[in-house]
Amino acid sequence: MNPATRSAFPGFAWSLSRQKTLAECPRRYAYEYYFSHNGWLADASEETKRIYRLKKLTSLEMFFGSSLHNVIQNAISNYSKSRKIPRPDDLVRLVRSSLNAAYIDSTRHYGLWFDKPSRYTMFRDVYYGDGLPPDKIEEIRSRIGACAESFPKSKTFREISGGRNVRLMELERFRTLPFADVDVVVVMDIVYRDRDTGRWVVADWKTGKESAEDRTQLALYAMYLQKLYDIPSIRDITIRNEYLATGTWREYKLEPIDVDNTLYVLERSVMEMRRYMEDIDGNVPYELEAFPLTEYTRHCERCNFKELCGR
Ligand code: SF4
């Protein structure tokens with residue numbers, strides 16, 4: 001890309017994880033969403049490349065979650081073509097092999113990761129010299145088995161495979177949709193429509209514990225779906241979290257008041273983010289020093305950028 005036409009900062013898009021990062025630490029937010037931008041380019045400054053590299057560090061938990069999501073996505077796509085019910089053993093094998101490859105990257109291919117941090121994996125614990133904690137490895141090992149057993153028995157998979165007249169919607173996983181005057185990032189796992197009842201279902205695979213934000217995230221999905229497919233009432237959409245580690249699920253139906261509340265949360269959050277912008281239209285931030293370090297040092301322990309800010 002011609003450096004003259006390249007933008008120094010990305011366009012603004014709101015997401016729940018962006019909001020969470022800002023709430024935890026404004027400095028980390030600055031690194032993640034502004035000062036790592038363009039760090040993948042050969043002619044970027046060494047400082048920008050360094051920030052970008054650190055941004056790409058991952059945790060065992062996050063890597064496991066994203067591997068399992070990919071494996072499930074493929075299993076559903078294979079099911080739609082072949083009607084073959086996925087076997088838990090196969091799911092376990094696939095997730096394990098991607099975790100093993102990531103471990104090899106982290107422990108043996110430092111140089112490759114250093115040059116191409118988006119192609120290779122580096123676990124944060126390995127990078128910072130502590131190694132992967134044995135208790136975490138053990139926990140993830142048992143979670144892989146539990147999640148693989150739960151997936152074919154999940155309410156969502158049983159609904160799409162149980163002979164109902166269901167239409168799976170083809171969706172790109174990452175979409176943005178304008179709400180009010182901002183783009184909102186929506187990452188949906190699965191959406192389908194029961195043609196007999198007219199009911200829409202949007203579901204999310206969760207590989208960790210329940211959290212207070214799960215419902216807000218699903219509310220955004222429902223609002224997105226309603227807009228995208230012109231669904232007359234938000235009440236026609238069932239939103240569901242599938243907690244695969246425990247084999248449980250929670251589902252909700254939204255009321256119009258939930259939509260108002262979610263929009264309120266979104267607006268407040270965007271206002272907070274704009275306080276850090278020198279130019280709102282261009283999404284240009286103030287200097288790095290304008291983003292304070294968090295007061296809650298417990299967030300520092302698991303932060304990718306701890307070698308930069310001195311905590
Ligand atoms: S180490 Fe702590 S203060 Fe520094 S960026 Fe990370 S979370 Fe913020």
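Residues numbered from 1 in each chain as written. Predicted model: local features only at pLDDT ≥ 70, side-chain atom pairs only at ≥ 80, totals over all residues. Heavy atoms only, no water.

Summed over the entire model, instances satisfying the criterion amount to 19 aromatic pairs. For the pair Tyr 29 and Tyr 33, a centre-to-centre distance of 5.4 Å together with 40° between the ring planes defines the contact as tilted. Of this pair, Tyr 29 and Tyr 33 both sit in helix H2 (residues 26-35), 4 residues apart, which is roughly one turn of the helix. For the residue pair Tyr 29 and Tyr 33, the accessibility class agrees, reading buried in each case. A ring pair is formed by Tyr 127 and Tyr 128, whose centres lie 5.0 Å apart and whose planes are at 90°; its orientation type is edge-to-face. Linked through ring pairs, Phe 9, Tyr 29, Tyr 33, Tyr 34, Phe 35, Tyr 276 and Phe 291 together constitute an aromatic cluster. The ring centre of Phe 114 lies 3.5 Å from the NZ or CZ of Arg 53, which sits over that ring. (Phe/Tyr/Trp six-rings, centres within 6.5 Å; stacked < 30°, edge-to-face > 60°. Helix = DSSP H or I, 4+ residues; strand = E, 2+ residues; numbered from the N terminus. Buried < 20%, exposed > 50% of the residue type's maximum accessible area, 1.4 Å probe, protein only. Lys NZ or Arg CZ within 6 Å of the ring centre and 35° of its normal.)

Another point: the sheet that holds strand E6 (residues 237-243). If you walk across this open sheet you meet the 5 strands as E1-E4-E5-E6-E7, and the pairing is mixed. A strand with exactly one partner marks an edge of an open sheet, and here the two such strands are strand E1 (166-168) and strand E7 (248-253). Within the sheet, the average angular offset between the axes of one strand and its neighbour, ignoring direction, is 25°. Taken together, the 7 bridges between strand E5 (residues 200-206) and E6 define a ladder with parallel strand orientation. (Pairing = 2+ DSSP bridges. Axes fitted to C-alpha atoms, helices over the stretch in contact; angles between N-to-C directions.)

On to a negative patch on the surface. Together, Glu 278, Asp 279, Asp 281, Glu 287 and Glu 289 give the surface a local cluster of negative charge. Position of Asp 281 relative to the elements: it lies in the loop between strand E8 (277-279) and strand E9 (284-285). On the basis of relative accessible area, Asp 281 is assigned to the exposed category, the value being 79%. (Patch = residues over 30% accessible without salt bridge, like charges linked within 9 Å, V, L, I, M, F, W, Y side chains within 5 Å. Areas by Shrake-Rupley, 256 points an atom, 1.4 Å probe, with all protein chains shown as cover. Salt bridge = Lys/Arg side-chain N within 4 Å of Asp/Glu carboxyl O. Lys, Arg positive; Asp, Glu negative; His and termini not counted. Charge placed at Lys NZ, Arg CZ, Asp CG, Glu CD.)

This paragraph deals with the pattern of salt bridges. Counted according to the given criterion, the structure contains 21 salt bridges. With a shortest N-O distance of 3.2 Å, Glu 138 and Arg 141 are connected by a salt bridge. Here Arg 141 and Glu 138 lie together in helix H8 (residues 134-153), a separation of 3 residues that amounts to about one turn. Given the relative accessible area of 46%, Glu 138 is considered partly exposed. With a closest N to O distance of 3.1 Å, Glu 272 and Arg 275 form a salt bridge. Each member of the salt-bridge network shares a partner with another, and the members are Lys 155, Glu 159, Arg 199, Arg 240 and Glu 251.

At a minimum axis separation of 6 Å, helix H1 (residues 16-24) and H2 run at an interaxial angle of 140°. The angle between H1 and H2 falls in the class oblique. In this structure, H1 meets H2 at a crossing whose hand is left-handed. Taking contact as the criterion, the partners of Ser 17, Arg 18, Thr 21, Leu 22 and Glu 24 in H1 are, on H2, Pro 26, Arg 28, Tyr 29, Glu 32, Tyr 33 and Tyr 34. Looking at the contact of H1 with H2 residue by residue, the classes come out as 5 nonpolar, 2 polar and 4 charged. (Parallel < 35°, antiparallel > 145°, perpendicular 65-115°, else oblique. Left-handed = near helix turned anticlockwise from the far one by under 90°. Contact = heavy atoms within 4.5 Å. Nonpolar A, V, L, I, M, F, W, Y, C, P; charged D, E, K, R; others polar.)

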